[in-house]
Amino acid sequence: MRNGTLLAMSVPAIILAAGASRRLGRPKQLLEWRGESLLARTIRIATEAGAEPVLVILGAHATAISASVLPDNVVTVLNSEWQEGMASSIRAGLRVLSSCAPDANGAVILSCDQPRLSTEHVRSLIQSFEAASASVVVASVYREVRGVPAVFPQSIFPRLLSLEGDKGARAILADSACTAIDVPFPGGDIDIDLPSDLEQLA
């Protein structure tokens, strides 16, 4: 973790950026899109949307990423278990969040490889969460499926901490017992995994 303890805010952000990008052959976090790296862009969007603090979870390529794109106002979390998959990064983020923002009502979890993400969309998720009268999940929806970015209330944190493997929070979002507010995210299904994905995006 970098930076000292931060003041608690209602909706912090946890940006998942620990993957090795093996299929791509280079760190996707550092890929340039419209003048910014994908990770720097996601950090900026989360910050502009009002999320605070912003936690960035690193694993593979942590040294190169830290030197290249991380501003001073983010909390850097090194996930030593990153090879397990996405669930380990979610757990690592929530553990640090318990110390730097212990009174947070929830957290928005984001991936760093969704180039169609916008400040307006993340702000809409946060505002919908803050306006909700109950402890609900606020999830992005694309191709009729819930996904990230999504805001999870504190009551869901134990379930997130119990996740394992590389499936992330999708199983929770797909649970019929999960009370959720759906926010459409056109283009949310577009991510960068292969060189051809970057070519199609361009």
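Report follows, based on the coordinates. (Residues numbered from 1 in each chain as written. Predicted model: local features only at pLDDT ≥ 70, side-chain atom pairs only at ≥ 80, totals over all residues. Heavy atoms only, no water.)

## Quick word on the overall build of the protein chain
Summing up its helical and strand segments, the protein chain has seven helices and nine strands in all. Taken against the 2.2 N^0.38 rule, which gives 17 Å for 202 residues, the C-alpha radius of gyration of the protein chain at 15 Å falls within 12% of a compact globule. When its C-alpha atoms are laid out on the principal axes, the protein chain stretches across 45 × 40 × 30 Å. The contacts of the protein chain with a sequence gap of at least 6 include a subset with a gap of at least 24, amounting to 72%. Total accessible area computed for the protein chain in this model is approximately 9,400 Å², and 50% of it derives from carbon and sulfur atoms. Within the protein chain, one finds 17 positive and 21 negative side-chain charges whose respective centroids are separated by 3 Å. (Helix = DSSP H or I, 4+ residues; strand = E, 2+ residues; numbered from the N terminus. Rg over C-alpha atoms; globule rule 2.2 N^0.38 Å. Contact = heavy atoms within 4.5 Å. Areas by Shrake-Rupley, 256 points an atom, 1.4 Å probe, with all protein chains shown as cover. Lys, Arg positive; Asp, Glu negative; His and termini not counted. Charge placed at Lys NZ, Arg CZ, Asp CG, Glu CD.)

## Some remarks on the nonpolar core
Counting residues in hydrophobic clusters, the biggest one holds 62 residues, and the most contacted among them are I15, L39, V56, L97, F152 and L160. Per-element tally for this core: the top contributor is helix α3 (residues 86-100), with seven residues. Setting aside anything within four residues of it in sequence, one finds V56 in contact with I15, A17, L39, I43, L70, V74, V75, T76 and V77. The next biggest cluster of nonpolar side chains, apart from the first, holds six residues, and it includes L24, L31, W33 and L201. (Core = buried A, V, L, I, M, F, W, Y, C linked by side-chain atoms within 4.5 Å. Buried < 20%, exposed > 50% of the residue type's maximum accessible area, 1.4 Å probe, protein only.)

## As for the pattern of salt bridges
In this structure the tally under the stated criterion is ten salt bridges. Among the salt bridges present, the one from R44 reaches E48, with a minimum N-O distance of 3.1 Å. Taken together, the positions of R44 and E48, both in helix α1 (residues 38-48) and four residues apart, correspond to about one turn of that helix. A relative accessible area of 30% means that R44 is categorised as partly exposed. R143 is the salt-bridge partner of D189, the closest N and O atoms lying 2.5 Å from each other. Here R143 lies in the loop between β7 (137-142) and β8 (145-153) and D189 lies in the loop between β9 (180-184) and α7 (195-201), a separation of 46 residues in the sequence. Take D189: its relative accessible area is 30%, and that puts it in the partly exposed class. A cluster of three or more residues bridged by salt bridges with shared partners is formed by R23, K28, D113 and D193. (Salt bridge = Lys/Arg side-chain N within 4 Å of Asp/Glu carboxyl O.)

## Structural notes on the environment of S162
Mapped onto the elements, S162 comes out in the loop between α5 (157-161) and α6 (170-174). A residue is classified by how much of its surface remains accessible, and S162, at 52% relative accessible area, is exposed. The spatial distance from the C-alpha of S162 to the C-alpha of S88 is 9.5 Å, given a sequence separation of 74 residues. Among the polar contacts listed, one links the side chain of S162 to the backbone oxygen of R159, at a separation of 2.7 Å. (Polar contact = N/O pair within 3.5 Å; in protein donor to acceptor, adjacent residues only side chain to side chain.)

## Side note on the packing of aromatic side chains
This structure, assessed with the given rule, holds one aromatic pair. For the ring pair Y142 and F185, a centre distance of 5.8 Å and an interplane angle of 85° mean the geometry is edge-to-face. Highlighted residues: Y142 in strand β7 and F185 in the loop between β9 and α7, separated in sequence by 43 residues. This pair shows no difference in class: Y142 is buried, exactly as F185 is. (Phe/Tyr/Trp six-rings, centres within 6.5 Å; stacked < 30°, edge-to-face > 60°.)

## Notes on the side chain of K28
Looking at where K28 falls in the secondary structure, it is placed in the loop between β1 (13-17) and β2 (32-33). Within the local environment of K28, its side chain forms a polar contact with the backbone oxygen of I192, the two atoms lying 2.6 Å apart. Ignoring any residue separated from it by four or fewer positions in sequence, one finds K28 in contact with S21, L38, D113, I192 and D193.

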